[in-house]
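This is what each chain is made of:
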Amino acid sequence: MWIQAVRTVLPDHRYRQERITEAVQALLPADPEALRRFHTATGVTGRNLALPLERYGRLGGFGEANDAYIDVALELGERAVKAALEEAGLAPGEVDVIVFCSSTGVATPSLDSRLAQRAGLRPDVKRLPLFGLGCAGGAAGLARLHDYLRGWPDQAGLLVCVELCSLTVQRDDGSTANLIASGLFGDGAAAVAAVGEERRGHGPGPRVVATKSRLYPGTRHVMGWQVGEYGLRLVLSPDLVDLVEARLAGDVAAFLAEHGLRVGEVRSWICHPGGPRVIETISRVLGLPEDALEITWRSLRDVGNLSSVSVLNVLQRTIAHRRPPPGEPAVLLALGPGFAAELVLLRW
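Residues numbered from 1 in each chain as written. Predicted model: local features only at pLDDT ≥ 70, side-chain atom pairs only at ≥ 80, totals over all residues. Heavy atoms only, no water.

1. Notes on the overall build of the chain
Move 1: Along the backbone of the chain there are eleven helices and 13 strands.
Move 2: Relative to its length of 348 residues, the chain is compact, with a C-alpha radius of gyration of 19 Å against a globular reference of 20 Å.
Move 3: Its C-alpha atoms give the chain principal-axis dimensions of about 55 × 45 × 35 Å.
Move 4: Burial analysis of the chain (348 residues in total) assigns 57% to the buried set.
Move 5: Taking contacts inside the chain between residues at least 6 apart in sequence as the whole, the part at least 24 apart equals 79%.
Move 6: About 14200 Å² of surface is accessible on the chain, with carbon and sulfur atoms providing 51% of the total.
Move 7: When the 37 positive and 39 negative side-chain charges of the chain are each reduced to one mean point, those points stand 2 Å apart. (Helix = DSSP H or I, 4+ residues; strand = E, 2+ residues; numbered from the N terminus. Rg over C-alpha atoms; globule rule 2.2 N^0.38 Å. Buried < 20%, exposed > 50% of the residue type's maximum accessible area, 1.4 Å probe, protein only. Contact = heavy atoms within 4.5 Å. Areas by Shrake-Rupley, 256 points an atom, 1.4 Å probe, with all protein chains shown as cover. Lys, Arg positive; Asp, Glu negative; His and termini not counted. Charge placed at Lys NZ, Arg CZ, Asp CG, Glu CD.)

2. Focus on the pattern of salt bridges
Move 1: Taken as a whole, this structure holds 19 salt bridges when the rule is applied.
Move 2: Close ionic contact of Arg207 with Glu197 constitutes a salt bridge, the shortest N to O distance being 2.6 Å. With Arg207 in strand E8 (residues 207-215) and Glu197 in the loop between strand E7 (187-195) and E8, the pair connects residues that are ten residues apart, well separated along the chain.
Move 3: Looking at Arg207, the relative accessible area reads 28%, which means it is partly exposed.
Move 4: On the basis of relative accessibility, which here comes to 36%, the residue Glu197 falls in the partly exposed class. (Salt bridge = Lys/Arg side-chain N within 4 Å of Asp/Glu carboxyl O.)

3. Focus: the UniProt feature "domain: Chalcone/stilbene synthase C-terminal" (unreviewed entry) in the chain
Move 1: In the UniProt entry, the feature "domain: Chalcone/stilbene synthase C-terminal" (unreviewed entry) is given for residues 210-347.
Move 2: Annotated as residues 210-347, this span is 38% helix and 28% strand, and its ends, taken at the C-alpha atoms, are 10 Å apart. (UniProt positions renumbered as here; feature names shortened; annotations may be inferred.)

4. What about the packing of helix H4 (residues 62-88) against helix H5 (residues 111-118)?
Move 1: Viewed as axis vectors pointing N to C, H4 and H5 meet at an angle of 50°, and their least axial separation amounts to 10 Å. Compared by their axis directions, H4 and H5 come out oblique. Remark: the crossing between H4 and H5 carries right-handed chirality. For the pair H4 and H5, contact is made by Tyr69, Ile70, Ala73, Leu74, Glu75, Gly77, Glu78 and Lys82 and by Leu111, Arg114, Leu115 and Arg118, respectively. (Axes fitted to C-alpha atoms, helices over the stretch in contact; angles between N-to-C directions. Parallel < 35°, antiparallel > 145°, perpendicular 65-115°, else oblique. Left-handed = near helix turned anticlockwise from the far one by under 90°.)

5. A closer look at the UniProt feature "domain: Chalcone/stilbene synthase N-terminal" (unreviewed entry) in the chain
Move 1: The UniProt record annotates "domain: Chalcone/stilbene synthase N-terminal" (unreviewed entry) at residues 73-193.
Move 2: Helix makes up 40% of residues 73-193 and strand 23%, and the two end C-alpha atoms of the span are 18 Å apart.

6. Brief notes about the packing of helix H2 (residues 32-41) against helix H7 (residues 176-184)
Move 1: At a minimum axis separation of 8 Å, H2 and H7 run at an interaxial angle of 55°. In terms of axis orientation, H2 runs oblique to H7. At the point where H2 passes H7, the crossing takes the right-handed sense. Across the interface between the two elements, Leu35, Phe38 and His39 from H2 touch Thr176, Leu179, Ile180, Ser182 and Gly183 from H7.
Move 2: Looking at the contact of H2 with H7 residue by residue, the class counts come to four nonpolar, four polar and no charged. (Nonpolar A, V, L, I, M, F, W, Y, C, P; charged D, E, K, R; others polar.)

7. Quick look at the side chain of Ser182
Move 1: Here Ser182 lies in helix H7.
Move 2: Classification of Ser182 as buried rests on a relative accessible area of 5%.
Move 3: Those residues in contact with Ser182, other than ones at most four positions away along the chain, are Ile20, Val24, Leu28, Leu35, His39, Arg47 and Val169.

8. Comments concerning the domain arrangement of the chain
Move 1: Domain assignment breaks the chain into domain 1 (2-195) and domain 2 (207-347).
Move 2: If you average the C-alpha positions of domain 1 and of domain 2, the two centres end up 18 Å apart.
Move 3: Counting from both sides, the interface comprises 54 residues of domain 1 and, opposite them, 41 residues of domain 2.
Move 4: Of the roughly 3800 Å² buried between domain 1 and domain 2, counting both surfaces, carbon and sulfur atoms make up 66%.
Move 5: A per-residue breakdown of the area domain 1 buries against domain 2 is headed by Phe62, Cys135 and Gln170, which together make up 15% of the total.
Move 6: Our count for the contact surface shared by domain 1 and domain 2 stands at zero salt bridges.
Move 7: At the junction of domain 1 with domain 2, the criterion picks out ten residue pairs in polar contact (both at pLDDT 80 or more).
Move 8: Contributing elements (two or more residues each) for the side of domain 1 that touches domain 2: strand E1 (2-9), strand E3 (46-49), helix H6 (137-151), strand E6 (156-164), H7 and E7.
Move 9: With nine residues, the top contributor of residues to the side of domain 1 that touches domain 2 is H6.
Move 10: Here the side of domain 1 that touches domain 2 is composed, by residue class, of 27 nonpolar, 18 polar and nine charged. (Domains from an automatic or database assignment. Buried area = accessible area lost by both parts, 1.4 Å probe. Polar contact = N/O pair within 3.5 Å; in protein donor to acceptor, adjacent residues only side chain to side chain.)

What follows is the structure, given as structure tokens:
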């Protein structure tokens, strides 16, 4: 599968982190100093939000927040799809399959059915909606699109990820997880246009060579949602960093070894920006050069953690700023609920 284009679209409502912190202080039952400390520790300088800041205090509950999710997700998703198709030189009618990832709202029919109609895709387009993958969704969605195009190498497809994390922050929750979420996560959408091996285009994106999913039994408590009366309450355990430290390096090394590679031979690392401690741990356990995850750090600083969208934002930035020699390997990786790791081997 050849990646032809990656486009990220962010909401128009952008605020500096300090302004968001001030607004959140009025909404959450938390010590203001602790809140400021958590927000500063994220390293995020600004974020784009689904709604104007003043709207969040007026949201009546999960139903109203979810209605806003549907409206904004459709708008951002449509913009991302059209931008990716235009950049790839593909007409909407050429798209044979759409993979859709989102974990910050719910809708049936799933939003991909509405996006397909809004973007002018064919009525017989195949749809694969994925829910619950969280931050791993961008990498997992890319892998599933690759699976499809391996079977249909003369076809074209889309991956669309939309996450509106700000709509899940719980106003009655002063827990550490909720305070971190209110300072770390942002909103956005991304779309990837790709084609099978038999119809390689001329885009600057890499080729997907192989993928690997790794599920860690007994780790369900590490990350996810607790669904309750007020919607989606974040579950985020401090065990996350310890798990990354204990398991990730071995799994990455084994995945690369299957393809005759070692960690030191990979120069491009396209990592999901889960947060400062997670990024630091990934870099340390893999023994990466100091600047290997600079684009990941930059994405985190600029827009925050966009859940499934983030790794695609890092991929877009990598394509724009790196010009590696043809055939050079790259690894795209993301971690998410399950607890799980998703690994994608690329070649430029």
